[in-house]
Amino acid sequence: QVQLVESGGGLVQAGGSLRLSCVASGRTFSNYAMGWFRQAPGKEREFVAAISWSGVNRDYANSVKDRFTISRDNAKDTVYLQMNSLKPEDTAVYYCAGRSSGGIATVRGAYVYWGQGTQVTVSS
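**Focus on the side chain of Arg-67**
By the secondary structure assignment, Arg-67 is in the loop between strand E6 (58-60) and strand E7 (68-73). Other than its neighbours up to four places away in sequence, Arg-67 contacts Gln-82, Met-83, Asn-84, Ser-85, Leu-86, Lys-87 and Asp-90.

**Some points on the packing of aromatic side chains**
For the coordinates displayed, the defined rule picks out five aromatic pairs. The ring centre of Trp-114 lies 5.0 Å from the NZ or CZ of Arg-45, which sits over that ring.

**A closer look at the pattern of salt bridges**
For the structure shown, the criterion picks out three salt bridges. As a salt-bridge pair, Arg-38 and Asp-90 come within 2.9 Å of each other at their nearest N and O atoms. Placement of Arg-38 in strand E4 (residues 34-39) and of Asp-90 in the loop between strand E8 (78-83) and strand E9 (92-98) is noted, with a sequence separation of 52 residues between them. Both residues of the pair, Arg-38 and Asp-90, belong to the buried class. The salt bridge involving Arg-67 is made with Asp-90; its shortest N-O contact spans 2.8 Å. One end of the pair, Arg-67, is in the loop between E6 and E7; the other, Asp-90, is in the loop between E8 and E9, with 23 residues separating them in the sequence. Salt bridges sharing partners connect three or more residues here, namely Arg-38, Glu-46, Arg-67 and Asp-90.

**Examining the pairing of E4**
Taking burial as the measure, the six residues of E4 include five buried ones, the bulk of the element. Bridge count between E4 and strand E5 (residues 46-51): five bridges; the pairing is antiparallel. Along E5, the bridge assignment pairs Arg-38 with Glu-46. Hairpin connection between E4 and E5: a loop of six residues separates the two successive antiparallel strands, and Gly-42 in this loop has a positive phi of roughly 75 degrees. In terms of strand pairing, E4 meets E9 through six bridges, oriented antiparallel. By the bridge assignment for E9, Met-34 is matched with Gly-98.

**Thoughts on the sheet that holds strand E3 (residues 18-25)**
Read across the open sheet, the four strands follow the order E1-E3-E8-E7; overall the sheet is antiparallel. Each edge of the sheet is formed by a strand with only one pairing partner; in this case those strands are strand E1 (3-7) and E7. Strand after strand, the sheet turns through a mean of 15 degrees between neighbouring axes, direction not considered. Where E7 lies against E8, six bridges are found, and the strand directions are antiparallel. Note that in E8 the partner of Thr-69 across the bridge is Gln-82.

The rules we used
Residues numbered from 1 in each chain as written. Predicted model: local features only at pLDDT ≥ 70, side-chain atom pairs only at ≥ 80, totals over all residues. Heavy atoms only, no water. Helix = DSSP H or I, 4+ residues; strand = E, 2+ residues; numbered from the N terminus. Contact = heavy atoms within 4.5 Å. Phe/Tyr/Trp six-rings, centres within 6.5 Å; stacked < 30°, edge-to-face > 60°. Lys NZ or Arg CZ within 6 Å of the ring centre and 35° of its normal. Salt bridge = Lys/Arg side-chain N within 4 Å of Asp/Glu carboxyl O. Buried < 20%, exposed > 50% of the residue type's maximum accessible area, 1.4 Å probe, protein only. Pairing = 2+ DSSP bridges. Axes fitted to C-alpha atoms, helices over the stretch in contact; angles between N-to-C directions.

In structure tokens form, the structure reads like this:
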């Protein structure tokens with residue numbers, strides 16, 4: 001079993017930046033691909049970014065490409081999401097997710113471990 005705890009959310013003005021962190025515990029973090037998803041009020045949870053176990057392979061939703069960067073530090077059992085040039089439409093609860101294998105995935109059903117989420121609010 002893997003436990004995931006997100007932090008770093010908050011309120012920021014449009015154009016600003018935030019860095020989310022997700023600390024994993026319980027099993028060998030470095031074996032698993034990780035991802036970030038988000039859910040806005042009244043909407044489905046959607047894919048944001050994913051990273052393979054090694055950090056070599058990454059993928060992003062088109063809506064965040066060139067603005068967000070996913071990274072990981074396996075020595076610290078932590079995955080990050082650096083968010084720049086934030087827009088009001090980025091407002092959502094952001095969830096960290098973990099797979100049970102090392103390859104990246106962009107679909108929600110491919111992830112078995114989930115954090116509780118952290119709120120990101122971008123004001124216009």
